[in-house]
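What follows is each chain in one-letter form.
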Amino acid sequence: MNLKGLTTKEAEQSRQKHGSNVLTDIPSDPLWKKILAGFKDPMIMILLVALVVQVVLFFLHQAEWFEPAGILVAILIANGVSSISESKQEGKASALKAEELAKETAKVIRDGKLTEIHVTEVVVGDIVYLQAGDKIPADGVVVEGKIAVDQAALNGETEEAEKIVLPEGATYDKADLLNPYYIYRGTVVCSGEAHFEVKVVGDKTLFGELALEVQEDTRETPLQIKLAKLAKQISTFGYVGAICIVIGVLAKSLITGEIPDTAYEWIRLIMNAITVAVTIIVCAVPEGLPMLTSILLSFQSLKMAKDNVLVRKINGLETAGSLSLLFSDKTGTITEGKLSVVEIASGDVKCYDSFEKMPAALSSEMIVGIGVNNSASVSDGNIIGGNSTDRALMKFVAEAHQEDVKSKVEVKTFNSFDSNKKSSSVVILRNGKCVTYVKGAAEKIIDRCTHYMDENGERKELTSTAALTEYSDSQASRSMRLLAVAMADGENDESGLTLICVLSIRDNVRKEAVDAIREVKNAGIQVVMVTGDRKETAAAIAKEAGLIENPDDVVMTSAEMAEKTDDELKALLPRLRVVARALPMDKSRLVRVAQELDYVVGMTGDGVNDSPALKKADVGFAMGSGTEVAKDAGDITIMDDNFLSIEKAILYGRTMFKSIRKFLIFQLTVNVAAVFTCFIGPLMGGKEHSVILTVVQLLLVNLAMDTLAAIAFGSEPADKEFMREKPIARNASIISKEMLIEIIISAVYITAICLGILFFPPLRDLFGDVDVTYLKSAVFATFMMAITFNGFNARTSHLNPLHGIGKNKNFLLVMIGIFVLQFVFVTFGGEVLSVESLTPMAWAICIGLAFMVIPIDIVRKLITKAMSK
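Residues numbered from 1 in each chain as written. Predicted model: local features only at pLDDT ≥ 70, side-chain atom pairs only at ≥ 80, totals over all residues. Heavy atoms only, no water.

Explanation requested: the pairing of strand β16 (residues 433-441) in the structure shown.
The two faces of a sheet get side chains in turn, since along a regular strand they alternate between them. Burial runs high along β16: eight of the nine residues are buried. Of the pairings in the sheet, the one linking strand β15 (residues 423-430) to β16 comprises eight bridges and is antiparallel in character. For Ser 423, the partnering residue across the bridge sits in β16 and is Gly 440. Connecting the antiparallel pair β15 and β16 is a turn made up of two residues, with Asn 431 showing a positive phi of about 55°. Pairing analysis gives seven bridges linking β16 to strand β19 (residues 481-489), with the strands arranged antiparallel. Residue pairing across strands places Tyr 437 opposite Met 487, the latter belonging to β19. (Buried < 20%, exposed > 50% of the residue type's maximum accessible area, 1.4 Å probe, protein only. Helix = DSSP H or I, 4+ residues; strand = E, 2+ residues; numbered from the N terminus. Pairing = 2+ DSSP bridges.)

Listed below in structure tokens is the structure:
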């Protein structure tokens with residue numbers, strides 16, 4: 001066939017008419033949009049209310065300029081940090097995608113010459129030349145040659161599909177990926193050479209349609225739901241507290257008889273009440289929380305990168321920690337992803353698990369039978385060419401250091417694999433005579449054998465195949481694929497063969513995957529293997545991997561699942577362990593049904609066909625060896641395709657969630673104690689006590705100290721004990737009952753000592769004859785140190801507050817740094833912080849009072865532990 005291809009002019013005309021080969025990439029929101037969207041957060045909105053009030057107070061000369069400025073800085077930091085972090089993460093993913101795309105090229109005939117161009121420049125009508133290893137750049141039909149194509153990226157099937165020239169008058173169905181004439185973008189040429197004519201480009205290709213589908217929005221993550229709920233609760237707490245303090249101050253004036261006489265005095269009273277109300281609002285909002293999630297992601301992402309886990313989307317990590325159901329691929333994830341020779345059996349069923357253990361006479365003939373009769377070869381230590389079976393056999397030959405076997409024999413004829421005979425053969429010349437070696441499906445080869453070779457290399461008559469049949473059935477039940485190797489004098493491979501051996505080949509279960517699956521199951525996560533294998537093979541692998549342990553565990557095929565209604569499938573789901581012969585749409589259905597039952601669902605995948613399910617799942621684990629579309633759809637990329645790395649991602653996710661909870665105990669204790677102190681203080685004292693903790697002081701605590709605390713809690717190491725806990729339900733509150741009790745007890749104690757310094761004479765007198773500003777300085781110092789000591793309570797549920805502290809040296813360093821900052825704030829804060837410098841004795845008293853928060857919490861832990869028994 002005369003292949004002219006397109007001219008440059010024709011290519012441009014085609015591009016204008018049919019479009020380019022660029023895949024549409026829906027851009028993420030720009031940074032400014034993310035920041036604007038952040039202002040809808042209830043916690044940001046309550047701070048905006050406080051800002052507006054504080055600005056009004058400033059213009060009425062009731063507030064200093066740095067008070068509204070401080071609130072504005074808090075808003076910008078709280079909203080900006082998370083938005084910037086998310087944008088950076090998306091930027092990294094886009095850069096990785098662009099880097100991969102830049103490498104993709106295609107060989108086309110342009111202006112009568114074979115030219116290499118970027119894949120995006122391919123147009124409809126181009127004639128593209130394909131060789132083994134090429135990724136197909138567009139959809140089209142073969143016009144010359146023959147190729148075998150790996151279409152796993154689209155249909156998940158590992159079996160290669162043959163593509164040939166479309167005969168004149170023949171038709172095909174583009175929707176049928178197994179049709180022999182049409183080829184698809186994103187698939188890979190395994191062998192052969194061909195030219196194909198491009199029929200469809202860009203988003204109109206099957207690859208493009210799937211890629212576009214996975215860019216749709218996904219639902220909120222469990223943590224987003226929990227934090228949104230918490231934000232509403234906190235904002236409500238702040239508003240109610242602010243209203244109550246205004247009412248309280250006015251009521252106090254009426255009850256005590258201090259009713260203003262003039263309009264000016266009324267305005268002053270209301271302004272004072274509003275000032276306290278703004279303080280209450282600022283107290284209620286944990287401004288450090290958005291920073292914590294960003295800091296946590298940065299710390300954990302760096303650690304995870306060393307464990308072959310790449311976090312591509314900011315919410316993927318925390319969702320992994322909440323998983324309750326994981327749908328996992330088999331090939332390459334639970335198994336090694338490559339075939340290996342596991343066992344060799346002779347004709348009299350003597351078994352050997354390695355080449356070295358085989359008798360020399362038998363092994364030498366076997367090496368010729370699988371090494372010379374092989375389409376693969378060894379080059380610089382790498383196995384190239386051939387199908388997966390031939391590569392597995394050649395790897396076995398190479399590991400036996402027999403890779404030069406081909407050069408040692410004279411090959412007369414090589415007959416590649418014949419699908420009718422289910423075998424391949426080679427004829428060699430030995431001592432001037434022809435000898436034929438045959439390799440293929442065990443049941444086919446054994447039927448053609450009349451003799452077998454014993455361990456001494458002697459031919460023995462094969463009187464019965466019963467033992468071999470029993471062995472074959474036993475191996476098949478272990479998901480082994482059986483190949484027989486036989487030989488015959490002359491060039492006949494049809495009958496009268498002498499059996500050399502039977503090889504058991506299998507994609508072995510990863511040893512580390514078995515342990516990882518056990519860990520994940522112990523963590524309360526259900527694991528379901530989804531595979532294209534037949535039911536018996538899948539069940540055998542699942543048993544070996546530890547997925548199937550009980551008689552009532554369910555294994556079903558795609559066809560069996562299709563017969564079930566959604567309600568029937570939901571009833572079976574808790575016992576489901578394996579889905580065999582799975583189709584791409586099965587994964588999406590499984591995700592949907594599981595989510596309707598409120599499971600937090602994880603899904604692994606590597607192909608374009610997996611992308612919709614990866615996108616719909618709460619967390620998608622894309623394999624590092626997979627397609628870019630799958631990686632884009634996934635939240636986390638498992639660089640080594642190993643189930644062990646998935647287990648690590650879950651552990652890191654749980655560590656992140658734990659760290660957030662620990663920080664919330666720390667942060668909300670600060671907020672509740674501050675609200676109580678600022679609410680009760682003005683009601684107990686006179687005008688000089690109208691403001692106990694100023695807005696600037698509280699902003700300093702929330703931004704400076706809490707940011708450092710976020711670093712401290714964000715550095716908490718991944719602890720295996722987290723994998724012994726059950727998953728947190730999607731709709732469960734992020735603040736547990738035990739956490740709430742801890743927060744309230746610590747907050748009440750901190751409030752009591754702060755108010756005691758001002759209003760309880762025995763405690764107040766410890767500081768000597770000092771003014772109210774000095775006492776307020778002592779309150780500020782005690783408050784800061786008490787919440788810092790409480791950080792040790794928050795970081796562990798163990799009785800010993802120093803449990804495991806050596807694994808997080810950052811925590812100790814940060815806490816020491818916070819103590820130093822506290823001394824600096826109180827000593828040099830002056831007018832800005834409304835404080836005076838304290839004496840060494842005053843500091844000692846403050847430290848003693850603050851430290852007591854630790855033994856008080858130890859008592860709480862003892863009582864809780866006793867009650868739980």
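Before we go on, may I ask you to explain a nonpolar patch on the surface in this structure?
On the surface, Leu 812, Ile 816, Val 820, Phe 823, Val 824 and Phe 828 cluster together into a nonpolar patch covering about 560 Å² of accessible area. Assignment of secondary structure puts Phe 828 in helix α28 (residues 809-828). Judged by relative accessible area, Phe 828 falls into the exposed class, the value being 63%. (Patch = residues over 30% accessible without salt bridge, like charges linked within 9 Å, V, L, I, M, F, W, Y side chains within 5 Å. Areas by Shrake-Rupley, 256 points an atom, 1.4 Å probe, with all protein chains shown as cover. Salt bridge = Lys/Arg side-chain N within 4 Å of Asp/Glu carboxyl O.)

Teacher, can you tell me more about helix α31 (residues 853-868) here?
Here α31 is 16 residues long and its end C-alpha atoms lie 23 Å apart, about the 22 Å a rise of 1.5 Å per residue gives. At its buried positions, α31 is contacted by α25 (737-759), α27 (772-794) and α30 (840-851). (Expected span 1.5 Å × (residues − 1). Contact = heavy atoms within 4.5 Å.)

Can you walk me through unusual backbone geometry in this structure?
Not every positive phi belongs to a glycine, and Asn 431 is a case in point at roughly 55°. Looking at the secondary structure, you find Asn 431 in the loop between β15 and β16. The backbone of Asp 641 shows a phi angle near 55°, a positive value even though the residue is not glycine. Here Asp 641 is to be found in the loop between β26 (636-638) and α23 (643-684).

How should I be thinking about the pairing of strand β21 (residues 526-530) in this particular structure?
Counted residue by residue, β21 has five buried out of five residues, so it is predominantly covered. For strand β9 (residues 325-329) and β21, the ladder comprises five bridges, and the chain directions are parallel. If you follow Leu 326 over to β21, its bridge partner there is Val 527. By the bridge criterion, two bridges tie β21 to strand β23 (residues 576-580) in an arrangement that is parallel. Looking across to β23, one finds that Met 529 is bridged to Val 578.

Quick question: what am I supposed to make of the packing of aromatic side chains here?
In total, this model carries 10 aromatic pairs according to the counting rule given. When the ring of Phe 663 is compared with that of Phe 666, the centres are 6.3 Å apart and the planes differ by 40°; the resulting orientation is tilted. Of this pair, Phe 663 and Phe 666 both sit in helix α23, separated by three residues, roughly a single helical turn. Residue classification places Phe 666 among the buried residues on the basis of a relative accessible area of 1%. Summarising the aromatic geometry, the rings of Phe 792 and Phe 811 are spaced 5.3 Å apart at their centres and angled 80° between planes, so their arrangement reads as edge-to-face. One end of the pair, Phe 792, is in helix α27; the other, Phe 811, is in helix α28, with 19 residues separating them in the sequence. Given a relative accessible area of 0%, Phe 811 falls into the buried group. Within the aromatic cluster, the residues linked to one another by ring pairs are Phe 663, Phe 666, Phe 713, Phe 792 and Phe 811. Here Arg 795 stacks its cationic end above the ring of Phe 811, 5.6 Å away from the centre of that ring. (Phe/Tyr/Trp six-rings, centres within 6.5 Å; stacked < 30°, edge-to-face > 60°. Lys NZ or Arg CZ within 6 Å of the ring centre and 35° of its normal.)

Hey, could you run me through the side chain of Thr 637 in this one?
Within the secondary structure, Thr 637 is located in strand β26. On the basis of relative accessibility, which here comes to 1%, the residue Thr 637 falls in the buried class.

Got a minute to help me understand the packing of α27 against α30 in this structure?
When two helices pack together, their arrangement is given by the angle between the helix axes and the distance between those axes. For the pair α27 and α30, the least separation of the axes is 8 Å and the interaxial angle reads 40°. Considering the angle they form, α27 stands oblique to α30. The crossing of α27 and α30 is right-handed. Across the interface between the two elements, Tyr 774, Ala 778, Ala 781, Thr 782, Met 785, Ala 786 and Phe 789 of α27 pack against Ala 842, Trp 843, Cys 846, Ile 847, Leu 849, Ala 850 and Phe 851 of α30. The class makeup of the residues in the contact of α27 with α30 is 13 nonpolar, one polar and no charged. (Axes fitted to C-alpha atoms, helices over the stretch in contact; angles between N-to-C directions. Parallel < 35°, antiparallel > 145°, perpendicular 65-115°, else oblique. Left-handed = near helix turned anticlockwise from the far one by under 90°. Nonpolar A, V, L, I, M, F, W, Y, C, P; charged D, E, K, R; others polar.)

How should I be thinking about the pattern of salt bridges in this particular structure?
Two side chains with opposite charge may pair up if their charged atoms get near one another. Going through the model one piece at a time under the given rule, you end up with 32 salt bridges. The partner of Glu 716 in a salt bridge is Lys 662, and the shortest N-O contact between them spans 3.0 Å. Pair noted here: Glu 716 is in the loop between α24 (695-714) and α25 and Lys 662 is in helix α23, with a separation of 54 residues, a long-range link. Residue classification places Glu 716 among the buried residues on the basis of a relative accessible area of 4%. A relative accessible area of 12% places Lys 662 in the buried class. Ionic pairing is found between Glu 742 and Arg 860, a salt bridge with its closest N-O pair at 3.3 Å. On the criterion of sequence distance, the pair formed by Glu 742 in helix α25 and Arg 860 in helix α31 is long-range, its members being 118 residues apart. Across this residue pair, the class does not change: Glu 742 and Arg 860 are buried. Taken together, the salt bridges that share partners define one network made up of Asp 566, Lys 570, Arg 589, Arg 592 and Glu 596.

Would you take a moment to explain the nonpolar core for this structure?
Here is a general trend for soluble globular proteins: nonpolar side chains tend to be buried in one another's company. Counting 113 residues, the largest nonpolar core has Phe 621, Phe 643, Phe 767, Phe 783 and Leu 838 as its most contacted members. In terms of residues, this core owes the most to one element, α23, which gives 19 residues. In this view, Phe 621 contacts Ala 320, Leu 323, Leu 326, Met 603, Thr 604, Gly 605, Leu 614, Ile 636, Ile 638, Ile 646 and Ala 649; residues no more than four positions away in its chain are not counted. Counting 32 residues, the second largest nonpolar core, distinct from the first, contains Tyr 352, Leu 362, Leu 393 and Phe 396. (Core = buried A, V, L, I, M, F, W, Y, C linked by side-chain atoms within 4.5 Å.)

I tried to follow the environment of Asp 390 on my own but got confused; where do I start?
Assignment of secondary structure puts Asp 390 in helix α12 (residues 388-399). In the structure, Asp 390 is positioned 19 residues away from Gly 371 in sequence and 8.7 Å away in space, judged by C-alpha atoms. Sequence-distant contacts of Asp 390, defined by excluding residues within four places in its chain, comprise Asn 374, Ser 375, Ala 376 and Lys 439.

Just checking my understanding: could you explain the environment of Leu 698 for this structure?
Within the secondary structure layout, Leu 698 lies in helix α24. Here Leu 698 falls in the buried class, since its relative accessible area comes to 4%. Linking Leu 698 and Leu 833, residues 135 residues apart in sequence, is a C-alpha distance of 9.7 Å.

Hey, could you run me through α30 in this one?
Spacing of three or four residues puts side chains on the same side of an α-helix, whose turn is 3.6 residues. Between its first and last C-alpha atoms α30 spans 16 Å; for 12 residues at 1.5 Å apiece the expected length is 16 Å, and the two agree. Among all positions of α30, only Ala 842, Trp 843, Ile 845, Cys 846, Leu 849 and Ala 850 are buried. Down the axis of α30, the smallest arc covering the buried residues is 160°, so these residues share one side. For α30, the exposed residues lying more than 90 degrees away from the buried face are Pro 840 and Met 841. (Arc of directions from axis to C-beta.)

Got a minute to help me understand the side chain of Thr 333 in this structure?
With respect to the helices, strands and loops of the structure, Thr 333 is situated in the loop between β9 and β10 (335-345). We classify Thr 333 as buried; its relative accessible area is 1%. Discounting residues that sit within four places of it in the chain, Thr 333 has contacts with Ser 328, Arg 510, Ala 513, Met 623, Asp 641, Asn 642, Phe 643 and Ile 646.

It is not clear to me how the state of the cysteines should be interpreted in this structure. Could you clarify?
The bond known as a disulfide is covalent and runs between the sulfur atoms of two cysteines. As enumerated under the stated definition, the model contains zero disulfides in all. In this structure Cys 754 is not part of a disulfide, and its nearest cysteine sulfur, from Cys 846, lies 9.2 Å away. A residue is classified by how much of its surface remains accessible, and Cys 754, at 0% relative accessible area, is buried. (Disulfide = S-S within 2.5 Å.)

Quick question: what am I supposed to make of the sheet that holds β9 here?
Adjacent strands of a sheet pair through backbone hydrogen bonds, lying either parallel or antiparallel. Here we have eight strands laid out as an open sheet, ordered β8-β26-β25-β24-β9-β21-β23-β22, and mixed in their pairing. Each having just a single partner strand, β8 (309-311) and β22 (554-557) make up the two edges of the open sheet. The sheet shows a mean angle of 20° between the axes of neighbouring strands, direction not considered. In this structure, β22 lies alongside β23, joined through four bridges in parallel fashion. The residue bridging Met 556 from the neighbouring strand is Val 579, located in β23.

On their own, these measurements won't tell you what the molecule is for.
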